[in-house]
Each structure stands twice: as C-alpha cells, then as structure tokens.
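# A structural walkthrough
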Amino acid sequence: MGKSNLLYEGKAKRLFETEDPQVLRVVYLDQATALNGVRKDMIQGKAELNNQITAIIFEYFNQKGLLNHFIKKISKDEQLVESLKIIPLEVVIRNVSAGSFSKRLSISEGQQLEFPILEFYYKDDHLDDPMINDDHVKFLKIATEEEIATIKHEAHKVNRVLLDLFKQIGIRLIDFKIEFGRRPDGTILLADEITPDTCRLWDEKTSSHLDKDVYRKNLGEIVPVYQEVLDRLKQKFN
Ligand code: ADP
Ligand code: UDP
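Scope of this entry: the structure provided in the associated data block. Note that the coordinates shown come from a computational prediction; the quantities given were computed from them, not determined experimentally.

### A short note on the site of ligand 1
In the vicinity of ligand 1 there are 17 residues, among which Tyr8, Lys11, Ala12, Lys13 and Glu179 approach most closely. Contact between ligand 1 and tyrosine 8: an oxygen atom at 2.5 Å from a side-chain N or O atom of the residue. The contact in question runs from a nitrogen atom of ligand 1 to an N or O atom on the side chain of histidine 69, over 2.8 Å. In isolation ligand 1 offers 550 Å² of accessible surface; the protein chains occlude 88% of this area.

Here it is in structure tokens:
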C-alpha cells in the first residue's frame, strides 16, 4: 500500500496513514484486553471477525443513510476509513441493564429499561475513562452544546437501526459504545467500530452472551461466539 506510517497503536487496532491524507488504514489486532489493558491476551482469528462484522454493519448504515467513516474492507483484517479528529467521548447507549450500570445503581443485569439511556465517558486512559455529563463535556471543551445535541441524536439513531438489525438475527442488543469524529469542515461523523468487543449482545432464545463479556467473565472461547454473530449477519445479507 505504498507509504504506511503507523499513526496510532491501540488495544484492538492499529491506524496507518495512506497516500491520501483523508484516508486511514485500520488493521484489526488478534488481541483482547480488559480492565483498561491490564489483562491482555492473543486471540487468533479475532481481528478477521471484527473487521468483517464492523464492515457489514457500517455498510448497512450507509445504505440506511447513517453516515460513518467506513470506506471499504481491503483484506481479511484491514479496512480503509475516513481520517477524522476523534472526539474524546465514549458514547454508551443502554437498552437493558448490565455491566457498570448494574453495578453503579445496584440493578440486576437483564432488566429492560423503559427508554434508552445515553451516557458519556471521557476517553482518557490516565483518568480511567470517567463518566461525565453534558456540562463536563462543555467545560472541558470536548464539544459545544449544538455538537452534543448532534452526537446524542445520531447515537439514538444508531441504537434504533442496530436494535432492529440484531432483532432480525435473533440477538438482543443490551448496550454498546460508539465514538464520533470531526471532518476538517467540522461535520460530525460516526467512527471507530461496532463489534462484539463494543456491544453487549445476548442470544434472544438462550440469553447466552455473544460478545466480549465471554472474555471479561471467563465464560469460554470468544472466537466461536464472534463467528456466530458474523454467520448470522452474513445469512441476513446473503
Ligand atoms: P483504544 O484506543 O481504546 O486502545 P483501539 O485499539 O480500537 O482502541 O484504537 C483505535 C483508535 O482509533 C481509537 O482511539 C479510536 O478513537 C481511533 N479512531 C477510530 N476511527 C478513527 C478515524 N476514522 N479517524 C481517526 N481515528 C480513529
Ligand atoms: N464498552 C466499550 N469500551 C469501553 C467500555 C465499554 O466498548 O472501554 C462497551 C461495552 O462493551 C458495553 C458498553 O460499552 O457494551 C457499556 O459498558 P459498561 O459501561 O457496562 O462497562 P463494562 O462493565 O463493560 O466495563
């Protein structure tokens, strides 16, 4: 691919420059982490699965008019995306209680929420990604009030489309995390990934976990579980 400077090495992906300054090459890694990187394991096959899953979902979003950074998949573990200035927020939407929400509020996992709950976390590993609110986002100059409204609106749209998509393949979307970035002209665009690493997905019939909780909670191998999500998506789109 010619010039290929490594821009960033993360826990799940590497980002490389390309000849086009507006385009990045994302390489998915065969690596799983938990506890902000404290626990780390090599998991062969994970990169390929996440690259395919996120590509299918982002292509589907494009068809639905939900614009995002995805350009195209170029190999089993690589894709091209639009280069953006990432807004340092993890935007979480919850449909069902689980994870940190359940712990923080002492609500047992698996309760359907009356409405989707959106949370912001400040993407800062040194601070351990604390949960923040709109005022903090404004105070820290992460985003303006208008941008916060756009991010919330887009995140809820993502939730509606994802809920419907996963329902069609027998999966309950419990919660997920997304990120947004800015184009040079300031337009806000959905970025990063949507995979079983970043979503909680429960089988509709058995409630078994089809996501990274299998790794977090030591419930078994994640490759067969991610493969199951990919197979169901492929069945829908083939
Ligand atoms: P982490 O940074 O949490 O270890 P990853 O390994 O997934 O996570 O790293 C990927 C990085 O790439 C993230 O920091 C994410 O914000 C960033 N990123 C995702 N999409 C884009 C994009 N379109 N342009 C620039 N950076 C992006
Ligand atoms: N999530 C993520 N990256 C993070 C933290 C959370 O992708 O750094 C996702 C997680 O997979 C889940 C949702 O965001 O789908 C909500 O996670 P939660 O706040 O419950 O945190 P957890 O208990 O998973 O750390």
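### Points about the layout of surface pockets
In this structure, the second largest pocket occupies an estimated 200 Å³ of space. Taken together, 17 residues line the second largest pocket, and the ones lying closest to its centre are Tyr28, Leu29, Asp30, Gln31 and Ala47. Its residues assigned to classes, the lining of the second largest pocket shows five nonpolar, four polar and eight charged.

### A word on the site of ligand 2
As a structural note, the neighbourhood of ligand 2 is formed by 14 residues, with Arg94, Ser100, Asp175, Arg200 and Arg216 the closest of them. Here an oxygen atom of ligand 2 sits 2.7 Å away from a polar atom, N or O, in the side chain of arginine 94. Measuring from an oxygen atom of ligand 2, one finds a side-chain N or O atom of arginine 216 at 2.9 Å. Surface burial for ligand 2 is 77%, taken as the share of its 500 Å² of free accessible area covered by protein chains. Looking at the shell around ligand 2, the elements that each hand over two or more residues are strand S9 (89-96), helix H2 (99-105), strand S12 (171-182) and strand S14 (199-203). For the shell around ligand 2, the per-class residue count stands at four nonpolar, three polar and seven charged.

### Notes on the sheet that holds strand S6 (residues 70-75)
One open sheet accounts for five strands, arranged S1-S2-S3-S7-S6; its pairing is antiparallel. The outermost strands of the open sheet, each flanked by one partner alone, are strand S1 (6-9) and S6. Sheet twist, expressed as the average angle between the axes of neighbouring strands with direction ignored, equals 25°. Relative to strand S7 (residues 78-82), strand S3 (residues 23-28) runs antiparallel, the two being bridged by five bridges. Counterpart to arginine 25 in the pairing with S7 is leucine 80. Packing against the sheet, helix H1 (residues 46-63) makes contact with S3, S6 and S7, and its axis sits at approximately 145° to S6.

Quick notes on the rules
- Position labels on residues start from 1 in each chain and follow its written sequence.
- The lettering of chains begins at A and the numbering of ligands begins at 1, in the order of writing.
- For this predicted model, a pLDDT threshold of at least 70 governs which residues receive local features, and a threshold of 80 or more governs which side-chain atom pairs are given and counted, while totals over whole chains, interfaces and linings are taken from all residues.
- Side-chain numbers come from the whole structure's heavy atoms, not from hydrogens or water.
- We call a residue near a molecule or strand as soon as one heavy atom of that residue lies within 4 Å of the molecule or strand.
- As used in this structure description, the phrase polar contact means that two N or O atoms lie within 3.5 Å; if the pair is within protein, one of them must be able to donate a hydrogen and the other to accept it, and residues adjacent in sequence are counted only when both atoms belong to side chains.
- In short, Shrake-Rupley with a 1.4 Å probe defines the accessible areas, and a residue's cover is counted only from the protein chains shown.
- In the cavity and pocket records, a cavity denotes points on a 1 Å grid over the protein atoms alone where a 1.4 Å probe fits but cannot get out, a pocket denotes an open set with protein on both sides within 12 Å along at least 5 of 7 lines, and lining residues are residues with an atom within 4 Å of a point.
- Grid points are joined across faces, edges and corners, and a volume is the space filled by probe spheres set on the points.
- Under the convention adopted here, Pro, Cys and the residues Ala, Val, Leu, Ile, Met, Phe, Trp and Tyr are nonpolar, Asp, Glu, Lys and Arg are charged, and Gly plus all remaining residues are polar.
- The helix count covers DSSP runs of H or I at least four residues long, the strand count covers runs of E at least two residues long, and both are numbered beginning at the N terminus.
- In this description, strands pair whenever DSSP reports at least two bridges between them.
- Interaxial angles span 0 to 180 degrees and are taken between N-to-C directions of axes, which are lines fitted to C-alpha atoms, for helices over the stretch in contact.
- In this description, contact between two residues means that some pair of their heavy atoms is separated by no more than 4.5 Å.

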